[in-house]
Each structure stands twice: as structure tokens, then as C-alpha cells.
There are 2 protein chains.
Amino acid sequence: MRKVAVIGIGQTKIAENWDKSMRELAGDAILAALQDANLSTADAFFTGNMMSAAANNQQNLGAYITDWVGSRGAESIRIESACSSGSAAFRAAVLAVASGEVNIAVAAAAEKMTDSPGAETTAYLATAADADWEVDHGVSFVGLNALIMQRYMHEYGWNHSDFANFSINAHNNGIHNPSAMFHMSISQEGFDRSPTICEPITLLDASPIGDGAAAAIIVPLDNAFISADHNPIIVAGSAAASDTIAVHARKDPLWLYAAEQSAKQVYAQAGISPREIDLFEYHDAFTIMASLSLEACGFAERGQAPRMAIENEISLQGRLPVATMGGLKARGHPVGATGLFQIVEVVQQLRGQAGANQISNARFGMAQNIGGSGSNIITHIMTNVI
Amino acid sequence: MRKVAVIGIGQTKIAENWDKSMRELAGDAILAALQDANLSTADAFFTGNMMSAAANNQQNLGAYITDWVGSRGAESIRIESACSSGSAAFRAAVLAVASGEVNIAVAAAAEKMTDSPGAETTAYLATAADADWEVDHGVSFVGLNALIMQRYMHEYGWNHSDFANFSINAHNNGIHNPSAMFHMSISQEGFDRSPTICEPITLLDASPIGDGAAAAIIVPLDNAFISADHNPIIVAGSAAASDTIAVHARKDPLWLYAAEQSAKQVYAQAGISPREIDLFEYHDAFTIMASLSLEACGFAERGQAPRMAIENEISLQGRLPVATMGGLKARGHPVGATGLFQIVEVVQQLRGQAGANQISNARFGMAQNIGGSGSNIITHIMTNVI
């Protein structure tokens, strides 16, 4: 496999972007990324998206987007793996360039969710779960996460209040990210008083959906396009793994097997241990997913991740900064696009372009994107060490 | 790029498979392909599908399918590019193995369409066209193809009757394919009397939708798993190209630019000319698409493809056998799965396993899969010449 690097990034603000169509949103992110890389087009486009068939009556996003950004003719497909669609598109682009068949690839991801009624969105999000054995029995996606969180609190003795700092930290970091959906801090008291969505999950455990798009340009490391200007960030590790789609079918519903498997692979590929990760963009769709991700990736002992939050090890100055630009909780969670926002943020940190949220001397950044209730997990390690 | 080969194939019968769930259909094809390759699992799964969100309330097919076939843990994503989803999944698997990151890949494709009401299916198929500029104005997918066919007949002076042999040939070939949806011949008279769907397209110009799944196992050519038993068929060329999603935005709506571009690339990769292609599995969703595909790939002059049908050059004994196992017209068109049926059929021919439909001494087989009204076209050349 030839080594590949990211030489351009782009993102839109995550919001209720009612004034932009799906193609405008995706196009804005892609054109920004191409401009960042001093390119006008690319050979192939890989676009992650989960909801557009229902929310926008539009599939075939490949051709739809490529034409819009002025790259008519280029190879262009859509990738879907529920909430991990964004990083799946990034990995598909990485493999295409690594194979030698594609020289300049765009990995993009876009989601436009807020035009649809909420009930419809909830039903459509549930297509990430098992239609026969979960959804038909009435459980929603928040419901599945609530069952997991309830069991976790019971098993390891945590109170709901102990999860507060995952959300407080994310909101603190989101304040300085212009692309973030929320620019406000929250308090422990606010967290504790937050209304219940599905016990024990409250509003402030949960990330908000939104409209947004992000993109990255991927080329071979030895490509002539790379100059000092491009500030190339290397893909040091890329791996994907799956678990059962239904949570009840797992031996241990409190362990993200696919997170563990994909993390082990990227550590081996990058030749580093978890200790050397300088920042971690994790998938904090709910505070319970933040906890399980930290444990499966080797950053906390089983059942002990809330302690990292309580002791503030996850802040920008802590042992392992997470959600450095707001995470899913404050940056927002446009489901199929989230994975590429994570990649863009890791690149910003490794380039030293993270502004007020800059992690000093960051060398290795990790991003982990979770599809379904842990059924499809994709992990990347990026580095500025050539 | 390291060379890759197909060492296993599997397919279900295309029908109204009401007794099988989506996962059973996909699983039947994948398990048959794994068995054909003497394998029990694979490293990564790439599944093409267009309709499952609407037709089966199920997305996240990656994890859904991997768990079902006993490969829990393996990387697994879904690829969508409308009717070309099947070959897009095959190409993604080819690139993943070519990159060196994946050693055994399953390319699968599945579609379960006939549980849904017809009007819903028509609406959902239209998500392959431009939602804003085509579908919102009321045109269906058949309607778009009818507009193209009308213009083609006007421009080049053909009568509807001249297209008959595309369908007659497909039905002749489907008779001996156990997986085909239809096992009956049709006549010129029957074609001419066929009821109009959308002028000038009649019932016998159009391929039928159906439920079905197909799969192929892809490994590096130098892989230890390959033995004489495996009868490896090499991927000699793989390319994808796009065009505008909206037909009216094209300079020439009678020319499949993306077919021409992807065909040129695979000829160059395989080091052959169109003359050396021994069989061609084309995308005869409608007889007009069969015509345009033959012209764009260099098998007929512009506007002259119907002559190939009239002079029977496309039969099993002709200059260029097409739709050798029935094509979309008689084998059936489970939209997102069709591309992999085409690959499976090319492999059958190159292995000498095509039974009564065997093309003698076939060395190079081509498959072309069209997404949208020509917006996303993926072409492969396979060979048994090592």
C-alpha cells in the first residue's frame, strides 16, 4: 500500500441550513477543500451520507455532487454505513489512492436532516438498527443507547451526574469553533436538571442532529502536488470493523468490540500505543458512547471512563483531549457527515490551525466514528510526522 | 496496483422472493460464493444496494449482512450509486484488495423490491434522477428513457420495431439460466403488439424489477488461496465515470459519455480493443440503453446499434454476444444487485460454466453497469488469460 496524505480540508457550519440545498451544502465543503489544496478538480469522489433518500428524495449522490462542483466525468459513488458513513467514505478514498488506481481523491460527507419532520427523522435514523429484531418492537435509537447506559450505570455503580463533564467539556470546546452548532457553555447544575429524553439519557447527554458537510483531499504522499504549502497530514492508520447490528445479540453489550478491533489495527499500523495519541475525536453521540469508546480503545479501564471526565483528563490541557472542536455534542451530529468533520478537525489540530483550541505539539490525532449502536466502527490515526 | 482475481461466485434466483428476508437473500449469495472459493469467511465486505431503506426499512447493511453470514467483526460497508451499485461494490472490493490493505474481499449486492407497492417503488427508483430538476416536474425513470428513445428514433430514423431483437435475444438466452426471472421466448410479433408503458417504450422494451442477490470473492492474484481448483478469473480492467445526473444538462442526451470514458479506460488497462471482447454483459434496462451502450463502447457506429440487433450480431453465435444469460430484460433487474449478476455471468462464461449458453473460447468478457439515466457508469473487463 502506498502512503497517502490529506492536503486539503473544507467544512460548512453545522446548523439548520434551510437556505442551502443538499448539493450546495456538499459543494461548499468540497470546493473549500479543493481550494485549500490548490486544486480545481479530482479523479474520484467518495461521498458519505445516510439520510438523503428519505430527507431529500435524492440518491445517486455521486453524480449529483460531481456535476455540481464542476467535476463532471469523474468517478463518484456514495458510501453508507449509518452514522459512520463519513469515515467510511474517507477510508474508501484512502484505499482507492493507496491502490494506485486513483491519484487525487475527494472524500466528502453531507447530511441535510432538518427539513424533515422530527418523527420521520427518528424513524429513518432507526434504519441503522435491526429492522426485524429491534425496530419492529418499537425501540428507537435513543432507546437502544438508554438501555446500554442504564446497564452500564448498574454494572459499574455510576450516577447519571458522573457523565456531566463529557458534555461540559464538549460545549467548552465548541465555543471557539466557527463551524459548531452550539456556542455556549453548560454547567454541572444544568446537566443535572436537564430533561429526560429516555431514562437515563437526558437532553444534555445527547448530540443534536443538524445539516452540514465536510470534505478532505487525499493524494499519494509522494505525489507531485505536495509542497510545503500543502502541509500534508499523513494517514498513519485506517481500519474498520463490525459487530452484530442488534445490541441484544452481543456477548457483552457494554463492550464496543468493533472499536477495540479497529483501534488495535490502527495502533499497529501507526506503530504507536494509545499513550502516544495527542488528541481523540471520539463519537460522543451520547455520553455513554463516549465512555465505551474510551474503554475499547485502551484509554480507560473497563467501566472507568467516567472517571476520566470527572478528573478532567479529557480537557484541552488534560492527558487525552477529546472532542477538541466540540465533538458531536456541541459541534453537532449531521449523522452521515460526522466522520469527515472528525477527520477535518484532526487535520486542523495537526496543522496547528485549531485556533483557541490548539493542542500544543500535537503529533498523532485519532478519530473514531461509530455506526449503529456500535455495529460499524471506523478508526483513523493521522500524523504530521513524515 | 497488485493484480486481483475472482475465485468464487454465487447468485440467487431473481424472482418475487417473498419467502426470503433481505439478509437471507444476501446471505444465500455470499455463502454460495464463499463455498465456491473454499472459504468460510473474508476480511471485508462491500455490499451494493439501492432500495433497502425504503423497501425494507433497513440501512447499515454492512453489519446487518456480515453478522448473518457468520463473519461478525469483519469490515463491512454499503455502496450506493443507483442501478450501478452492484458494480460499484465490486470495484470498491477490487480497489481494497489492490491496495494491499485487504486480502480476501466479498463483493455482494442485494435488492428486495417486490414487497413494496408498485407506486412506492416507482417513486423510490426516481431518487436516482435529479430530485429538483427532473423528478419534481413529474417525470419517472421510464419517462426519462422514453424521451431519450423518442429523440433517438427521430434523429436516426429507426422504427420501434427495429429494437425487437435486443429483447428477443435476451429472452432466448434467459431460457437456459436457472437464476433468470423469465424462461420464455418472445417473438417479433409479440414485441410489436406489446402494450405501451410510456411512448415509445413498451412492456417488452423494459426489464422487470425483482428480488435477488449475487456475490463474488476477490483476492490478490498471487494469493496463496489460489489453486488450479479455484479457476481464477482476472480483473483486467476496472473503471468508473460520471455524467450529469439530469439528462437535459447534457450536451448530447443520445451519447453515454460515462460509458465511453469508462470503456476507454478498461480497454487501455486490459491492453485490448473492442474487437477482442468475446462477450458483453450490457445494461439493457431498456432497449434504448442497450443501443447507447453498444455505441459508446465502440461496438457500433453512432445511431447504428439497432442494426446489430436486426442482423443478429448479438446472439450467442454472433460477432458480439450480449446478455448471454438473459440480460436485465430476461434474467431480471434487481436494481442495485444487477451489476454483480453481470460479473458473476462473465465469470461463468470465462470458466466455461455457462451451460447451453457457453461462448466457445471466450477469453475476454466485459460488463457495463449504468446508474441513473447514464449518470454513473462502471465498466469491467475480466479474463481467463493469466
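Here, every reference points to the structure presented above.
Here is a short report on the structure shown in this document. (Residues numbered from 1 in each chain as written. Chains lettered and ligands numbered in written order. Predicted model: local features only at pLDDT ≥ 70, side-chain atom pairs only at ≥ 80, totals over all residues. Heavy atoms only, no water.)

## Points about the pairing of strand S10 (residues 364–371) of chain A
All names here are of chain A. Using the following cut-off: Buried, partly exposed and exposed residues are distinguished by accessible area as a fraction of the type maximum, computed with a 1.4 Å probe on protein chains only: under 20%, between the cut-offs, and over 50%, respectively. Helix and strand assignments come from DSSP, with helices taken as H or I runs of at least 4 residues and strands as E runs of at least 2, each series counted from the N terminus. Strand pairing follows a simple DSSP-based rule, namely that at least 2 bridges must link the two strands.
Most of S10 is tucked away: eight of the eight residues are buried. Here S10 shows two buried faces, one formed by Phe364, Met366, Gln368 and Ile370 and the other by Gly365, Ala367, Asn369 and Gly371. Here strand S9 (residues 279–281) pairs with S10 via three bridges, running parallel. In the strand pairing of S10, Phe280 is matched with Met366. Of the pairings in the sheet, the one linking S10 to strand S11 (residues 376–383) comprises eight bridges and is antiparallel in character. Within S11, the residue paired with Ala367 across the bridge is His380. A loop of four residues connects S10 with S11, the two strands running antiparallel in sequence, and Gly372 in this loop sits at a positive phi of about 65°.

## Description of the pairing of strand S1 (residues 4–11) of chain A
All names here are of chain A. Buried residues dominate S1, accounting for seven of its eight residues. Pairing of S1 with strand S8 (residues 233–242), which is carried by two bridges, proceeds in the antiparallel orientation. When the bridges of S8 are listed, Val6 appears paired with Ile233.

## What to know about the environment of Met113 of chain A
Topologically, Met113 of chain A is positioned in the loop between strand S4 (105–111) and helix H5 (118–125). In the structure, Met113 of chain A is positioned 95 residues away from Trp18 of chain A in sequence and 9.7 Å away in space, judged by C-alpha atoms.

## Considering the environment of Gly8 of chain B
Residue and element names in this part refer to chain B. Which entries qualify depends on this criterion: Residue contacts are defined here by distance: any two heavy atoms, one from each residue, within 4.5 Å place the two residues in contact.
Here Gly8 lies in strand S1 (residues 4–11). Under the relative-accessibility criterion, Gly8 is labelled buried at 0%. When the C-alpha atoms of Gly8 and His230 are compared, they prove to be 7.3 Å apart, with 222 residues separating the residues in sequence. If near-sequence neighbours (up to four positions away) are discounted, Gly8 is found in contact with Ala33, Asp36, Ala37, Ala215, Ala216, Ile217 and Arg351.

## Focus: the relation of the copies chain B and chain A
Under the convention used in this document: Least-squares fitting of one copy onto the other uses the C-alpha atoms of those residues that reach a pLDDT of at least 70 in both copies.
Mapping chain B onto chain A is achieved by rotating through 180° and translating by 0.0 Å along the same axis, at an RMSD of 0.0 Å. Taken together, the turn and the small shift mark the pair as related by a two-fold rotation axis. It is Ser99 of chain B whose C-alpha, among those of chain B, lies nearest the rotation axis, at 1.8 Å. Taken together, the interface assignments show that 100% of the residues at the interface of chain B recur at the interface of chain A, consistent with an identical surface on both copies.

## Comments concerning the interface of chain B and chain A
The following threshold applies: When two parts are put together, the accessible area they lose, computed with a 1.4 Å probe and summed over both, is reported as buried area. A carboxyl oxygen of Asp or Glu within 4 Å of a side-chain nitrogen of Lys or Arg is what we treat as a salt bridge. By the criterion applied in these results, polar contacts are pairs of N or O atoms within 3.5 Å in which, for protein atoms, one can donate a hydrogen and the other can accept it, and in which residues neighboring in sequence qualify only through two side-chain atoms. Amino acids are sorted into nonpolar (Ala, Val, Leu, Ile, Met, Phe, Trp, Tyr, Cys and Pro), charged (Asp, Glu, Lys and Arg) and polar (every other residue, Gly among them).
In this complex, chain B contributes 57 residues to the contact, which on the side of chain A involves 57 residues. The contact between chain B and chain A buries some 4400 Å² in all, and 46% of this surface belongs to carbon and sulfur atoms. Broken down residue by residue, the surface that chain B buries against chain A is led by Gln59, Asn60 and Glu80 of chain B, which jointly contribute 14%. In this assembly, chain B and chain A are joined by eight salt bridges. Close ionic contact of Asp132 of chain B with Arg23 of chain A constitutes a salt bridge, the shortest N to O distance being 3.5 Å. Counting the contacts that link chain B with chain A gives 31 residue pairs in polar contact (both at pLDDT 80 or more). Counting residues per element, the ones that place at least two in the side of chain B that touches chain A are helix H3 (61–68), strand S3 (75–80), helix H4 (85–98), strand S8 (233–242) and helix H9 (257–270) of chain B. Among the residues forming the side of chain B that touches chain A, the class breakdown is 25 nonpolar, 21 polar and eleven charged. For strand S3 (residues 75–80) of chain A and S3 of chain B, the ladder comprises three bridges, and the chain directions are antiparallel. Its bridge partner lying in S3 of chain B, Glu80 of chain A is registered against Arg78 of chain B.

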